[in-house]
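# Descriptive structure summary
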Amino acid sequence: MYSETTIVTPDALQQPLQEGQLVINVGPQHPATHGVLHLVITLEGETIIKIEPHLGYIHRSIEKMSESLTYRQFIYVTSRMDYLSAHINNLACAMCVEKGMQLEVPDRAQVIRIIMSELTRIASHELWIGAMAMDLGAFTPFFYTFRERETINDIMEQTCGARLTMNYMVPGGVMYDLHPEFVARVKSFVVQFKSKVSELEDLVTDNIIFRNRTVGVGVLSKADAISYGCTGPVARASGVDGDIRKRFPYSGYEKLQFEQCLEFAGDSFARYIVRIREMYQSIHIIEQLIDAIPNGDFQAKTKAVIKLPKGEFYTRVETARGELGVYIVSEGGTTPYRIKYRSPGFSNLSALNHMAKGSKIGDLMATMGTLDLVIPDIDR
Amino acid sequence: MFSFQQLAQQTHAWLQQHTGSFTVLVECAIVAVFAITLFAVLGLVLVLLERKVAAHIQIRVGPNRVGPAGLLQTVADTLKLLMKEGLVPNLADKFLFNLAPFIVMMVAMLLLAPVAFARGIQIWDINIGVLYISAISSISVIGILMAGWSSNNKYAMLGAMRSGAQIVSYELSAGFSVLCIVVLSGSLRISDIIAAQENGWWIFKGHIPVLISFVIFIIAVTAETNRAPFDLAEAESELTAGFHTEYSGMRFALFFLAEYINIFIVCAIGATLFLGGWMPLHIAHWEGFNHVMDYIPSSVWFMGKTFALILLIMWFRWTFPRLRVDQLLTLEWKYLLPIGLFNLLLVAIIAIMGWHF
Amino acid sequence: MDTEVLKTYFSALEPLATFEEGGEWLMVQVPAENWKNIARKVITERNYDFLFCVTCVDFKTHLTMVYHLRGMQTDETVVVKIQLNRDQPEVATVSDIWRTAEFHEREAYEMFGVQFTSHPDLRKLILPDDFEGFPMRKDFEDPINMIKL
């Protein structure tokens, strides 16, 4: 399959370089925590002419691999896809299988699923703030956000058994029941969070240097956001109101009160503000649910070996990055015939060239940082 | 009351007795040893201080394994850097490549000369002290550009040019703020400036304009020493990795050390000009209070003020994000320079009319 | 959204369209040659401005391209399928209509071998540049890396 090693010419040189243009590489190793993203940037002086992402450094052929895994097994490979919203990825897959089986999920399981998803969303946004501030040169917020993240990870570890790739969702519900201390710990986390996030906002949001570096940088218009398929906070910052939890509610979100956070400027600062407000909305959701977790089963009864009927099923959820779609084509066996993961980062990344073209290289960090790319999500 | 001045005078007298005509040479040797020791100790202390300050701002502990409470950390770091392979890139200009760190170190050492560490302890009280400081600190740009050029690396060259542009621009603002003090004291000589602060530090006596120039001075020297938030030239997550990309081992250690010594020097100069140097806190006409303040040795005063300013500059680094290069230069040319010029005018008026304390 | 209305619309647009039953959304099967025209009409007339999933499925006798389209204002969703010949799979690109298709079509190209005519930049995206073969096809063999159960 693999030919002998040849020298591969940079793709950017397919178009001959003009006078005064320079091709540089960003990555694939980064000092900032982006993952293995390789950008080939054509520069003219300080202005960016073209950005080409070179992907595939962490391609693990998850889709092909899932074709030989059973319907219970393939869910857990997706935790490794977007490891920062691992629960939500697993939830999408479990929901797709449930749709195929036409299985009812008990109320308790639904509420637990929502709480876990929202905690994961908060943890993901916290890490994102830390990483983005570090990209821009402010090293301190990273540690403050990780303090909150540590609390969430500890809560997860107690209930699910793992801190990062918590394989907790199963078709029909969740794998284990909640730990007895879960409710108390989440309540104290909510209190801690509210007091600490205001600290973070003082340090980052109101900082004039930070604002100067993000306001007006990397503008994405609403029409472009829809055309490039951007979803999640990237699209909401441009005014696209496509939050899956509101549009196509799943797993009990229809009963909850929360707002969709929209901004209309479409620049990096808008994307930042959307995520901050989303964190507050997630806390609001958790507060509505934590005192009223219904009793009952945490898992619906299913057969040991799951077989989906012939057909195709599509589910979508709102991860921290955007809309994750799971498309299963089933031929009636115990393993899926074809799985396609519509990952949010893939489409968000395709808008990077459009956003950063014509801007200065110093703005690239702000633009790329606010897209919140997790490369394993893109490469699958 | 302990005083270095007495020690210096006694040593001078003893040397006159025993060595006669070679006194000057022996004293030069002593001063050289003193300067190098100061460098080494300061380097040790400042690097560790930075790491500890950073850690406490970031709610962690910092180095605490090597030595008691981590005090020998820098010794370990220096040993590591000494033992690293010092690579010279293949097509680099070897002479300039090796010379660049030494120029930067040399500048730092030369700047030690006019600084008054305590009452009577000043290596060279030249009559154009302030001008000497401004002039010599400009030479460091040559060292940086040399480093960038001789590395034979386009990113290092870009970083060096950016750094050079930044330093040259901010020297203007620093110069203007220093000029305000010169106007008020009426002399360029460091010992005269300190003596003029006998009845109160300039930052209190010269109220508004001196306060403005102090703020401008702090911003300008943070930019001159390439410290955050102005550290674009050596930032890790930006693309051009700075003028010292190709340096490793001992040469890198010299750059690294020179940066921290520069911070010490500019804070020492700021403390001397604005906060009185070794002069204790005196308030005019409060003889009793002044007498009490005099009991604290002048070296303690000087070191205390300098380290207060160093802590302030370190605080900046861990709080603010980085400025983009065009924002950095806009800040200087469109904001700090006009304010500095206007301030100079204000100070001149105040000095002539005698409206300061 | 009314399935019957959509069926009428698509039948009028493309006489050769066939419909599949049993899914959550309307599934329309169109021939490959007319896809570009249908795409142009569908984005302006029905406002399907959000192409959210581009897949290729390898049924062992043929390949099928699957496009999931949605209108952001109306939330109407339609699934368009195109059957392609396995030996020479070719279809027109829609990356000038929906910009998101550019990356998705590159991925379908490298994984399944589907040629997208007039694509601005059709080359491998995720796989290494010197990779041979189309890995997601069902007849892809890799004796080193694939373990046959």
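Whatever comes next refers back to the structure up there.
Residues numbered from 1 in each chain as written. Chains lettered and ligands numbered in written order. Predicted model: local features only at pLDDT ≥ 70, side-chain atom pairs only at ≥ 80, totals over all residues.

### What to know about the interface of chain B and chain A
Here is the rule: Any residue pair is listed as a contact if its two C-beta atoms, each placed from the backbone, are within 7 Å. Each helix corresponds to a stretch of at least 4 residues labelled H or I by DSSP, and each strand to a stretch of at least 2 residues labelled E; elements are numbered beginning at the N terminus. Each residue is assigned to one of three groups, with Ala, Val, Leu, Ile, Met, Phe, Trp, Tyr, Cys and Pro labelled nonpolar, Asp, Glu, Lys and Arg labelled charged, and all others, Gly among them, labelled polar.
Contact residues are listed per partner, giving 19 residues for chain B and 21 residues for chain A. Of all elements in the fold, only α13 (298-319) and α14 (325-353) of chain B reach the threshold of two or more residues within the side of chain B that touches chain A. Residues of the side of chain B that touches chain A, tallied by class, amount to eleven nonpolar, four polar and four charged.

### Brief notes about the sheet that holds strand β3 (residues 50-59) of chain C
All names here are of chain C. So the rule is basically this: Think of it this way: DSSP has to see at least two bridges between two strands before they count as a pair. To obtain each axis, a line is fitted to C-alpha atoms, and for helices this fit is confined to the stretch in contact; angles are then taken between N-to-C directions over 0 to 180 degrees.
Pairing in this open sheet of five strands is mixed, and the strands run β1-β2-β5-β4-β3 from one edge to the other. Both edges of this open sheet fall to β1 (18-20) and β3, since each of them pairs with a single strand only. Direction aside, neighbouring strands of the sheet carry axes that sit 25 degrees apart on average. With five bridges joining them, strand β2 (residues 26-30) and strand β5 (residues 77-84) adopt parallel strand pairing. Pairing of V30 across the sheet is with I82, part of β5.

### So, the nonpolar core
Heads up, the condition is: Note on terminology: a nonpolar core is a set of buried residues of type Ala, Val, Leu, Ile, Met, Phe, Trp, Tyr or Cys, with members joined through C-beta atoms within 7 Å. Counting other C-beta atoms within 10 Å of a residue's own tells you its class, since 20 or more makes it buried, 12 or fewer makes it exposed, and anything in between is partly exposed; those C-beta atoms are placed from the backbone. Domain start and stop points were drawn from an automatic or database domain assignment.
Of all hydrophobic cores here, the largest spans 228 residues; its most connected members are A92 and V326 of chain A, I181, A220, F264 and I265 of chain B together with V114 of chain C. With 18 residues, the single largest contributor to this core is helix α11 (residues 250-275) of chain B. If you count residues domain by domain, this core takes at least three from each of domain 1 (11-54) and domain 2 (62-379) of chain A. In contact with F264 of chain B, not counting residues within four places along its chain, are L42, L46, T306 and I310 of chain B.

### Section: the packing of helix α10 (residues 207-224) of chain B against α14 of chain B
Packed helices, taken two at a time, are described by the angle between their axes plus the distance between the axes. Residue and element names in this part refer to chain B. Our working rule: Handedness of a crossing is defined here by the sense of rotation of the near helix relative to the far one, left-handed for an anticlockwise turn of less than a right angle and right-handed for a clockwise turn.
Direction vectors running N to C along α10 and α14 enclose 145 degrees, while the axes themselves pass 9 Å from each other. Judged by the twist between their axes, the crossing of α10 over α14 is left-handed. From α10, P209, I212, S213, I216, I219 and A220 reach across to α14, where they touch L336, I339, G340, N343, L346, V347 and I350. Of the residues assigned to the contact of α10 with α14, the class counts are ten nonpolar, three polar and no charged.

### Observations concerning the sheet that holds strand β7 (residues 323-330) of chain A
Residues and elements named next belong to chain A. On the basis of which strands lie adjacent, the open sheet formed by three strands has the order β6-β7-β8 and antiparallel pairing. The open sheet is flanked by β6 (311-318) and β8 (338-342), the only strands paired with a single partner. When the angles between neighbouring strand axes are averaged without regard to direction, this sheet yields 10 degrees. Of the pairings in the sheet, the one linking β7 to β8 comprises five bridges and is antiparallel in character.

### A word on unusual backbone geometry
Phi angles above zero are rare outside glycine, and I59 of chain B is one such case at about 50 degrees. Looking at the secondary structure, you find I59 of chain B in the loop between α2 (23-57) and α3 (73-83). We classify I59 of chain B as exposed; it has 11 C-beta atoms within 10 Å. Even without being a glycine, D75 of chain C presents a positive backbone phi close to 65 degrees.

### Comments concerning the interface of chain C and chain A
Taken together, the contacts link 32 residues of chain C with 34 residues of chain A. Of the residues forming the side of chain C that touches chain A, the biggest block, six residues, is contributed by β3 of chain C. Looking at side-chain class alone, the side of chain C that touches chain A contains 16 nonpolar, six polar and ten charged residues.

### Side note on the environment of K84 of chain B
Residue and element names in this part refer to chain B. With respect to the helices and strands, K84 occurs in the loop between α3 and α4 (94-110). Judged by the 14 C-beta atoms lying within 10 Å of it, K84 falls in the partly exposed class. The spatial distance from the C-alpha of K84 to the C-alpha of A220 is 34 Å, given a sequence separation of 136 residues. Leave out the neighbours within four places in its chain, and K84 touches S248 and G249.

### Description of the arrangement of the chains
Ranking by contact count across two pairs of chains in contact places chains A and C at the top. Separating chain B from chain C is a minimum C-alpha gap of 24 Å, and the two share no contact.

### Observations concerning the pairing of β7 of chain A
Most of β7 of chain A sits inside the fold, with eight of its eight residues counted as buried. Linkage of β6 of chain A to β7 of chain A, two consecutive antiparallel strands, is achieved through a turn of four residues, within which G322 of chain A is found at a positive phi near 150 degrees.

### Overview of the pairing of β3 of chain C
Most of β3 of chain C is tucked away, with eight of its ten residues classed as buried. Counted along the chain from β3 of chain C to the antiparallel partner strand β4 (residues 62-70) of chain C, the turn is two residues long.

It is worth stressing that arrangement in space is one thing and function is another; only the former is reported here.
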